[in-house]
Amino acid sequence: MNKMRIEGASVSQEIDKKVFCFFSIIVIILVYGTGIVSDDIAEIAIRQGMHNFWWHLMPRGNFANIPVASLTHMWVFSLIDIDNLLLVYIVKAVHAILSLYMVAKFFSLFIDGHSALLTSFLFLFFPIRDSMTYWYMGSHMAFSMCCYLFAYYLVHKGYLKRAATVAFFASFTSYGSPPTAFALFILCVLKKNFKKGLFLLVPNVVYCTYYIYLKDFLFTFPIYSKLPPEINLLSITKQFLLQIVTFFDAVAGPSFMFKVYYSIIENNVWSIIAIIIFVSLYLKMVANKKIYPYQIKIDKSLLAAFVVLVIGSLVMFSVTGRYPQLAFNLGNRTVIFGALLLSYLIVAVPINKYLRQGILLLILFSIVGVSVHWKIWNNHQIEVFHNIRTNEDLQNYDKQEPVFVIGNQYSKMGPFSHIEFLSENWVAKGLFQLAGNNEIEALALNKRFIVKENLLVDQKRQNILTIGPAVNIYDSEADKLITVSSDMLNEYIENLPDEKRHWVQMINNEKINNAILKLMPRLKYAF
């Protein structure tokens with residue numbers, strides 16, 4: 001049995017099977033019922049219209065960027081419907097439990113087995129990165145990262161061929177894999193294992209070559225790239241400054257505090273009872289163990305590698321220029337790299353044990369509250385879906401003009417707009433198709449749109465649509481189809497509810513707003 005010495009005590013680095021099974025049950029409870037969101041809905045609709053068997057298995061469109069994810073994740077969309085999501089819950093749970101194991105094995109190289117499991121659980125369900133846990137299509141990025149951490153474990157144990165295989169698998173699962181590959185290579189270098197580190201780095205170099213150069217030769221259809229057409233150092237520098245500011249806001253600033261607070265108050269009586277049972281059982285299981293979290297010694301090489309990981313991710317997002325660091329919305333997938341560092345520090349940093357226990361309990365309440373929020377929102381989405389399916393006005397709609405959809409743009413976590421729903425055209429269109437309204441062109445309508453003469457302009461995506469003297473609008477909250485004169489459409493849009501996705505939008509400080517827009521002009525629609 002592997003042992004390590006911590007402050008004179010001999011402790012095991014092995015993963016306790018009983019504790020692992022206990023955490024696995026908690027994982028299933030947290031994941032079950034969290035549903036599908038956003039692009040998931042659109043992908044189901046697309047696949048229901050595909051009649052070529054091989055198209056369901058082969059990477060299609062932008063999935064050519066992440067071909068392995070088509071085999072690990074995307075195939076599920078061919079076998080489910082909004083009313084039948086059991087397979088999604090099963091696969092979500094399998095991915096999460098595998099991830100729990102792989103990340104725990106990685107951390108067991110640096111801390112005792114029980115603390116490794118706790119750190120792994122924290123990372124997987126850290127409240128500021130919930131989109132990577134519960135949004136099925138987006139979870140491939142987290143799964144890729146967990147596989148890469150496990151590849152390091154294999155390298156450390158001397159299983160070099162297996163490590164290289166897992167690293168290839170992880171690289172081609174997500175375009176977000178380069179920062180993880182590079183950081184783990186640096187960790188190998190710091191541990192005096194340069195050659196072993198190449199087994200982790202080279203597979204990702206191959207993937208980057210594929211992403212940048214080869215995929216366009218291998219596939220005949222156009223593939224979207226997140227890389228800019230040309231590198232602008234000034235633009236990248238501006239983006240990097242924004243990444244740094246938003247990173248600290250999301251992982252330790254106001255956004256983090258708001259996310260923890262509002263997720264905690266999402267809890268209900270039943271979830272609080274579940275937390276009490278969970279904590280009581282866990283404490284009973286580890287009561288006789290000799291190791292306590294406050295005795296852990298920080299591994300400086302690991303800490304340095306995690307800092308490299310965070311910086312690498314900020315550089316990556318600076319180059320793409322699309323995603324700031326967020327604690328709310330599906331865009332919070334960007335903070336997954338910082339969540340790994342934060343999870344390790346919470347468990348390993350030398351602080352008073354009662355303070356640590358208080359922090360862990362607070363985060364546990366937040367984790368469970370986030371899960372409750374996703375489950376409630378999933379039930380609400382299904383209710384909206386059934387309303388669309390049974391609405392008589394929509395069933396009898398025979399006009400050529402599109403139907404604009406308002407309401408239910410996002411879930412609400414406190415005052416914040418959180419989980420995307422009917423805020424984008426492809427989701428509205430997909431939901432209407434799944435509801436049987438295939439002949440209706442459903443389009444999202446919200447406050448980012450303005451009317452200029454006979455043109456409806458999307459200020460975020462710069463899409464322009466010609467409209468007639470009147471438009472047809474489906475209010476998804478009232479379940480009513482109405483007609484609005486184009487002359488009155490600007491006023492109608494102005495009266496739609498605001499969608500506040502960040503606390504900066506709430507204080508409306510002109511200096512802060514101007515500073516943000518200088519760094520990321522495309523956010524002008526949000527202010």
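For the structure, see preceding data.
Student: Honestly, the pairing of strand E8 (residues 455–458) in this entry has me stumped. Any pointers?
Tutor: In summary, the side chains of a regular strand alternate between the two faces of the sheet. Pairing of strand E7 (residues 449–452) with E8 involves 4 bridges; the strand directions are antiparallel. Following the sheet pairing, Ile450 is matched in E8 by Val457. The hairpin turn running from E7 into E8, its antiparallel successor, is 2 residues long, and Glu453 in that turn takes a positive phi close to 60°. Between the antiparallel neighbours E8 and strand E9 (residues 464–466) lie 5 residues, among them Gln462 with a positive phi of about 60°.

Student: What am I meant to see in the environment of Val68 here?
Tutor: Assignment of secondary structure puts Val68 in helix H3 (residues 67–72). Contacts of Val68, omitting those with residues within four sequence positions, involve Phe169, Phe172 and Thr173.

Student: I'm lost on the pairing of strand E10 (residues 470–475) in this one. Help?
Tutor: Across 4 bridges, strand E3 (residues 403–406) lies against E10 in parallel orientation. Bridge pairing in E10 places Val403 opposite Asn472. Bridge count between E10 and strand E11 (residues 480–485): 6 bridges; the pairing is antiparallel. Note on E11: the bridge partner recorded for Tyr474 is Leu481. The antiparallel pairing of E10 with E11 creates a hairpin that spans 4 residues between the two strands, and Asp479 there sits at a positive phi of about 55°.

Student: Sorry if this is basic, but what is going on with the pattern of salt bridges here?
Tutor: Think of it this way: side chains of opposite charge can pair up when their charged atoms draw near. A complete count under the given rule lists 10 salt bridges for this structure. Lys259 is paired through a salt bridge with Asp130; the nearest N and O atoms lie 2.9 Å apart. In this pair, Lys259 sits in helix H12 (residues 254–264) while Asp130 sits in the loop between helix H5 (113–125) and helix H6 (131–134), placing the two residues 129 residues apart along the sequence. Like Asp130, Lys259 is buried. For the salt bridge of Lys460 with Glu424, the shortest nitrogen-to-oxygen distance reads 3.4 Å. Linking Lys460 in the loop between E8 and E9 with Glu424 in the loop between strand E5 (416–420) and helix H18 (425–434), this pair joins segments that are 36 residues apart in sequence. Overall, Glu424 belongs to the buried group, its relative accessible area being 8%. One salt-bridge network, in which partners are shared between bridges, spans Glu424, Arg448, Asp458 and Lys460.

Student: I tried to follow the sheet that holds E8 on my own but got confused; where do I start?
Tutor: The strands making up a sheet are joined through hydrogen bonds of the backbone, oriented either antiparallel or parallel. Pairing within the open sheet is antiparallel, and its 3 strands lie in the order E7-E8-E9. The open sheet has two free edges, formed respectively by E7 and E9, since each of these has just one partner strand. Strand after strand, the sheet turns through a mean of 25° between neighbouring axes, direction not considered.

Student: Even after reading the chapter, I still don't get the side chain of Lys259, so can you show me in this structure?
Tutor: Residue classification places Lys259 among the buried residues on the basis of a relative accessible area of 0%. Residues in contact with Lys259, not counting those within four places in the same chain, are Pro127, Ile128, Asp130, Ala327, Phe328, Asn332, Ser366, Val370, Met413 and His418.

Student: Mind showing me how you'd approach helix H2 (residues 39–48) here?
Tutor: Side chains of residues three or four places apart in an α-helix project in the same direction, reflecting 3.6 residues per turn. Burial runs high along H2: 7 of the 10 residues are buried. Asp40, Ile41, Ala42, Glu43, Ile44, Ala45 and Arg47 are the residues of H2 that are buried. The inward-facing, buried residues of H2 abut H18.

Student: I'm lost on the nonpolar core in this one. Help?
Tutor: Looking at soluble globular proteins, one finds that nonpolar side chains tend to be buried together. Residues Phe106 and Phe107 are the most contacted members of the largest nonpolar core, which totals 145 residues. If you tally residues by element for this core, the top one is helix H7 (residues 140–156), at 14 residues. Ignoring any residue separated from it by four or fewer positions in sequence, one finds Phe107 in contact with Ala116, Thr119, Leu302, Phe306, Leu340 and Tyr344.

Student: Help me understand the sheet that holds E11 in this model?
Tutor: The 4 strands are arranged E6-E3-E10-E11 in an open sheet whose pairing can be described as mixed. Whereas interior strands pair on both sides, the edge strands pair on one side only; in this sheet they are strand E6 (442–444) and E11. On average, adjacent strands in this sheet sit at an angle of 35° to one another, irrespective of strand direction. One ladder, built from 3 bridges, connects E3 with E6; its direction is parallel. In the sheet register, Val403 faces E6, and the bridge partner there is Ala442. The strands that H18 touches are E3, E6 and E10; relative to E6, the one it contacts most, it runs at about 145°.

Student: For this particular structure, what's the right way to read unusual backbone geometry?
Tutor: Leaving glycine aside, a negative phi is the common case for residues, and trans is the common case for peptide bonds. Positive phi outside glycine occurs at Lys192, with the angle close to 65°. Within the secondary structure layout, Lys192 lies in the loop between helix H9 (178–190) and helix H10 (194–218). By relative accessible area, Lys192 is classed as exposed at 73%. In this structure, Asn408 takes a positive phi of about 55° despite not being glycine. As for its placement among the helices and strands, Asn408 is situated in the loop between E3 and strand E4 (410–413).

Student: When you look at the side chain of Asn378 in this model, what are you seeing that I'm missing?
Tutor: Along the chain, the position of Asn378 falls in helix H16 (residues 353–390). On the accessibility criterion, Asn378 (5% relative accessible area) is buried. What Asn378 contacts, discounting residues up to four positions off in sequence, is Gly33, Thr34, Gly35, Ile36, Leu85 and Tyr89.

Student: What is the right way to read the environment of Gln13 from this model?
Tutor: Residue position: Gln13 is located in the loop between strand E2 (9–12) and helix H1 (17–31). Considering only alpha carbons, one finds Gln13 and Ala183, 170 residues apart in sequence, at a separation of 23 Å.

Student: Honestly, H1 in this entry has me stumped. Any pointers?
Tutor: With 15 residues, H1 ought to run about 21 Å at 1.5 Å a step, and its terminal C-alpha atoms sit 21 Å apart, in line with that. Of the residues making up H1, those classed as buried are Val19, Phe20, Phe22, Phe23, Ser24, Ile26, Val27, Leu30 and Val31. Those residues of H1 that are buried lie in contact with helix H4 (86–107), H5, H6, helix H13 (269–286) and H16.

Student: Which parts of the structure should I look at to understand the packing of aromatic side chains?
Tutor: For any two aromatic rings, the description comes down to two numbers: the centre-to-centre distance and the angle of the planes. Evaluated as defined, the whole model comprises 39 aromatic pairs. Note on Phe258 and Phe416: the rings are 5.4 Å apart at their centroids and 50° apart in plane angle, and the pair reads as tilted. Separated by 158 residues along the polypeptide, Phe258 in helix H12 and Phe416 in strand E5 bring together distant segments of the chain. By relative accessible area, which is 31% here, Phe258 ends up partly exposed. Members of the aromatic cluster, joined through ring pairs, are Phe22, Phe23, Phe121, Phe125, Tyr134, Phe278, Tyr282 and Trp374. Above the ring of Tyr159, the side-chain terminus of Arg162 is found at 4.7 Å from the ring centroid. Positioned above the aromatic ring of Tyr323 is the side chain of Arg333, whose terminal nitrogen or guanidinium carbon lies 4.7 Å from the ring centre.

Criteria and cut-off values
Residues take numbers from 1 onward in each chain, read along the sequence in its written order. Thresholds applied to this predicted model are a pLDDT of at least 70 for local features of residues and 80 or more for the giving and counting of side-chain atom pairs; totals over whole chains, interfaces and linings are not thresholded and use all residues. Note: side-chain values were computed over all heavy atoms of the structure, leaving out hydrogens and water. Two strands are said to pair when DSSP picks up at least two bridges between them. Each helix is a run of DSSP H or I of at least 4 residues and each strand a run of E of at least 2, with the numbering of both proceeding from the N terminus. Residue contacts are counted whenever heavy atoms from the two residues lie within 4.5 Å of one another. We define a salt bridge as a contact between a side-chain nitrogen of Lys or Arg and a carboxyl oxygen of Asp or Glu at a distance within 4 Å. Remark: exposure states derive from per-residue accessible area (1.4 Å probe, protein chains only) relative to the maximum for the residue type, with buried under 20%, exposed over 50%, and partly exposed in between. The angle between two axes is taken between their N-to-C directions and runs from 0 to 180 degrees, where each axis is a line fitted to C-alpha atoms and a helix contributes only its stretch in contact. Each nonpolar core is a collection of buried residues, namely Ala, Val, Leu, Ile, Met, Phe, Trp, Tyr and Cys, held together in the definition by side-chain atoms within 4.5 Å. Working rule for helices: expected span equals 1.5 Å times residues minus one. Classification of ring pairs rests on two measures: the distance between centres of Phe, Tyr or Trp rings, Trp counted by its six-membered ring, which must be within 6.5 Å, and the angle between planes, read as stacked under 30 degrees, edge-to-face over 60 and tilted in between. The criterion is that NZ of a Lys, or CZ of an Arg, lies within 6 Å of the ring centre and within 35 degrees of the ring normal, and then a charge sits over that ring.

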